[in-house]
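Architecture and fold: a report
Read off the chains here:
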Amino acid sequence: MSQDQPFADPSSLGLWGFALTTIVLSLHNAGLISTAGLTLAYAFFWGGAAQVFAGWMDFKRGNMLGGTAFSTYGLFWIGLAMAFVLGSWDPSVFSMSGAELGAWFVLWGVLTLVYTVGAYMAKARVLTSVLALLTLTFWVLGAAFFSGSVTITRAGGWIGFITGLDALYLGAALLINWVARRQALPT
C-alpha cells in the first residue's frame, strides 16, 4: 500500500459481500432452500453494508467504477432487505406487486449493463463476466416477476448462483494475487 492510498484494495470485501448474499438468495430462487431472517440480516450487513464500505473506500482510492458499483449494489441489498422486512411486518400497508418488482429488476439490469461496459473497457475480464451474468440475472428475474412464472424464477436463481460463484472467485483471486505479490490466479 502506498502512502498516497489510505486504504488497501477493498474489492475482495465488496465482492464477497455480493457473492455470498447472491448465492444464498439464488439458491432460494432456484428452489433449493427456503430463506428466513438470517438471509435478510446478511442482506443488510454483508451484502449491503460491506459493499457500501468497500465502495466508499474505492472512492477514496480514486476508483470510480468500483466505488460506484459497490455502493450501488450495497444499497440494492439494503433496500431489497428493507422492502421484504416492511412487507412481512405489515403487508396491508407495504406490499410489492410483481410488476413493480419486475420494473425494478429490469432497471437494475440496465444499470448493470452500464457497469458491464465500463468493466469491459477497463479490460477487467472476470469482472466483466460477473457483471454480464448479473445483468442477465436481473433481466430473467424481472421477467419472472412480471410473469409470475416459477420456471423463470428458477432459471434466474441458477444464473444468479453462477454469478455469485464468479464473484466469489474474483474476490479470492484478487486477495490471493495480492498476498502472493503476483498474478497467481487470472482476473
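Scroll up for the structure.
What you see as residue numbers is a count from 1 along each chain, following the sequence as written. For a predicted model such as this one, the threshold for reporting local features is a pLDDT of at least 70, and the threshold for listing and counting side-chain atom pairs is 80 or more; totals across whole chains, interfaces and linings nevertheless cover every residue. Side-chain descriptors were evaluated using all non-hydrogen atoms of the structure, hydrogens and water having been removed beforehand.

Quick look at helix α6 (residues 150-180)
Per the convention used, a helix needs a DSSP run of H or I reaching at least four residues, while a strand needs a run of E reaching at least two, with both numbered from the N terminus. Multiplying one less than the number of residues by 1.5 Å gives the expected span of a helix. Taking 1.5 Å per residue as the helical rise, α6 with its 31 residues ought to reach 45 Å, and the 44 Å between its terminal C-alpha atoms agrees with that figure. Positioned one or two residues after α6, Arg181 has a phi angle of 60°, which is positive.

Observations concerning the nonpolar core
Within the largest apolar cluster, 27 residues are counted, with the highest numbers of intra-cluster contacts made by Tyr73, Phe76, Trp77, Phe105 and Phe138. Those elements giving two or more residues to this core turn out to be α1 (11-29), α2 (37-60), α3 (64-89), α4 (98-121), α5 (125-147) and α6. For this core, the leading source of residues is α3, giving seven residues. Within this scheme, the nonpolar core is defined by two criteria: the residues are buried Ala, Val, Leu, Ile, Met, Phe, Trp, Tyr or Cys, and they are joined through side-chain atoms within 4.5 Å. Whether a residue is buried, partly exposed or exposed follows from its accessible area with a 1.4 Å probe, protein chains only, as a fraction of its type maximum: under 20%, in between, or over 50%, in that order.

Some remarks on a nonpolar patch on the surface
Note on patches: the residues involved have over 30% relative accessible area and no salt bridge, like charges join within 9 Å, and the nonpolar side chains Val, Leu, Ile, Met, Phe, Trp and Tyr join within 5 Å. Where accessible areas are quoted, they stem from the Shrake-Rupley method and a 1.4 Å probe; at the residue level, only the protein chains shown are allowed to cover. Definition used for salt bridges: Asp or Glu carboxyl oxygen within 4 Å of a side-chain nitrogen of Lys or Arg. Judged by side-chain polarity, Leu107, Val110, Leu113, Val117, Tyr120, Met121 and Trp139 come together as a nonpolar surface patch covering roughly 740 Å² of accessible area. Summarising the element assignment, Leu107 is placed in helix α4.

Looking at the packing of α1 against α6
Axis angle and axis distance: for two packed helices, these are the angle between their axes and the distance between the axes, and together they describe the pair. Lines fitted to C-alpha atoms define the axes, with helix axes restricted to the stretch in contact, and inter-axis angles between N-to-C directions lie between 0 and 180 degrees. Two elements in contact, α1 and α6, have axes whose closest approach is 7 Å; the angle formed by their N-to-C orientations is 155°. The angle between α1 and α6 falls in the class roughly antiparallel. Between α1 and α6 the crossing geometry is left-handed. Under the scheme applied here, ten amino acids are nonpolar (Ala, Val, Leu, Ile, Met, Phe, Trp, Tyr, Cys and Pro), four are charged (Asp, Glu, Lys and Arg), and all others, including Gly, are polar. Its residues placed into classes, the contact of α1 with α6 shows 15 nonpolar, 12 polar and one charged. Working definition: roughly parallel below 35 degrees, roughly antiparallel above 145 degrees, roughly perpendicular at 65 to 115 degrees, and oblique for all remaining angles. Crossing handedness follows the turn of the near helix against the far one: under a right angle anticlockwise gives a left-handed crossing, and clockwise gives a right-handed one.

With respect to the packing of aromatic side chains
Aromatic rings from Phe, Tyr and Trp, taking only the six-membered ring of Trp, are treated as a pair when their centres fall within 6.5 Å; an angle between ring planes under 30 degrees marks them as stacked, one over 60 as edge-to-face, and anything in between as tilted. Per the counting criterion, the structure on display carries 13 aromatic pairs. Ring geometry for Tyr73 against Trp108: centres 6.1 Å apart, planes inclined by 40°, an arrangement best described as tilted. Remark: Trp108 occurs in helix α4 and Tyr73 occurs in helix α3; sequence separation between them is 35 residues. Residue class for Trp108 comes out buried when judged on its relative accessible area of 15%. With a centroid separation of 6.0 Å and an interplanar angle of 75°, the aromatic rings of Phe76 and Phe105 are classed as edge-to-face. Separated by 29 residues along the polypeptide, Phe76 in helix α3 and Phe105 in helix α4 bring together distant segments of the chain. The two residues Phe76 and Phe105 agree in class, both being buried. Members of the aromatic cluster, joined through ring pairs, are Phe18, Tyr73, Phe76, Trp77, Phe105, Trp108, Tyr115, Phe138 and Phe145. The rule is short: NZ of Lys or CZ of Arg within 6 Å of the ring centre and within 35 degrees of the ring normal puts a charge over the ring. The lysine or arginine in question, Arg181, covers the ring of Trp178, its NZ or CZ lying 4.5 Å from the ring centre.

Section: α4
For α4, spanning 24 residues, the distance from its first C-alpha to its last is 34 Å, which sits close to the expected 34 Å at 1.5 Å a residue. Within α4, burial applies to Leu101, Gly102, Phe105, Trp108, Gly109, Thr112, Tyr115, Thr116 and Ala119. Residues are treated as being in contact if the distance between any of their heavy atoms lies within 4.5 Å. On the buried face of α4, the contacting elements are α3 and α5. Downstream of α4 by a residue or two, Lys123 has a phi angle that is positive, lying close to 60°.

Comments concerning the side chain of Asn177
Relative to the helices and strands, Asn177 is located in helix α6. The buried category is assigned to Asn177, whose relative accessible area is 12%. Among the polar contacts made by the side chain of Asn177, one reaches the main-chain amide nitrogen of Ala184 at a distance of 2.8 Å. Ignoring sequence-local partners within four residues, the contact set of Asn177 consists of Arg182, Gln183, Ala184, Leu185 and Thr187. Polar contacts, as counted here, are pairs of nitrogen or oxygen atoms within 3.5 Å of one another; within protein the pair requires one atom able to donate a hydrogen and one able to accept it, and residues that are adjacent in sequence qualify only if both atoms are side-chain atoms.

Considering unusual backbone geometry
The phi angle of most residues is negative, glycine excepted, and most peptide bonds adopt the trans form. The phi angle at Lys123 is positive, at roughly 60°, despite the residue not being glycine. Of note in the backbone geometry, Arg181 takes a positive phi value of approximately 60° without being a glycine. With relative accessibility at 62%, the residue Arg181 sits in the exposed group.

This is a description of form; function is not addressed.
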